[in-house]
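# Inside the fold
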Amino acid sequence: MHSKQTVKYICEKYPSGNNYYYKQEIITHDSWDNLDSLAWSAPRPISKDTYLKQKKAGFKAEVKYINKQPAKVFCFLK
């Protein structure tokens, strides 16, 4: 179980109206005493309910607004 200092919850909001929720934890690649070996883990998907529950419990929760342009579609018909 991680503490409030070693975990964060992320909500990514897209212009399409879609929201995606993730959890990240601080991990170590060597030992907890070596601060240079600490890093955030890969984002792991979670549910909206989990995000809201942990945010209400006082865990760090951040919102990222993603404003990427939609991909261009090319037609390669002969």
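Relevant structure appears above.
Since we're looking at a predicted model, the values are computed, not measured.

Time to look at the pairing of strand S2 (residues 19–28). In terms of strand pairing, strand S1 (residues 7–13) meets S2 through 7 bridges, oriented antiparallel. Looking across to S2, one finds that Cys11 is bridged to Tyr21. Linkage of S1 to S2, two consecutive antiparallel strands, is achieved through a turn of 5 residues, within which Gly17 is found at a positive phi near 100°. The pairing of S2 with strand S4 (residues 44–45) spans 2 bridges and is classified as antiparallel. Pairing of Tyr22 across the sheet is with Pro45, part of S4. In this sheet, strand S3 (residues 38–40) lies alongside S2 in antiparallel orientation, the contact comprising 3 bridges. Within S3, the residue paired with Ile27 across the bridge is Ala39.

What counts and what doesn't
- Residues numbered from 1 in each chain as written.
- Predicted model: local features only at pLDDT ≥ 70, side-chain atom pairs only at ≥ 80, totals over all residues.
- Heavy atoms only, no water.
- Pairing = 2+ DSSP bridges.
- Helix = DSSP H or I, 4+ residues; strand = E, 2+ residues; numbered from the N terminus.

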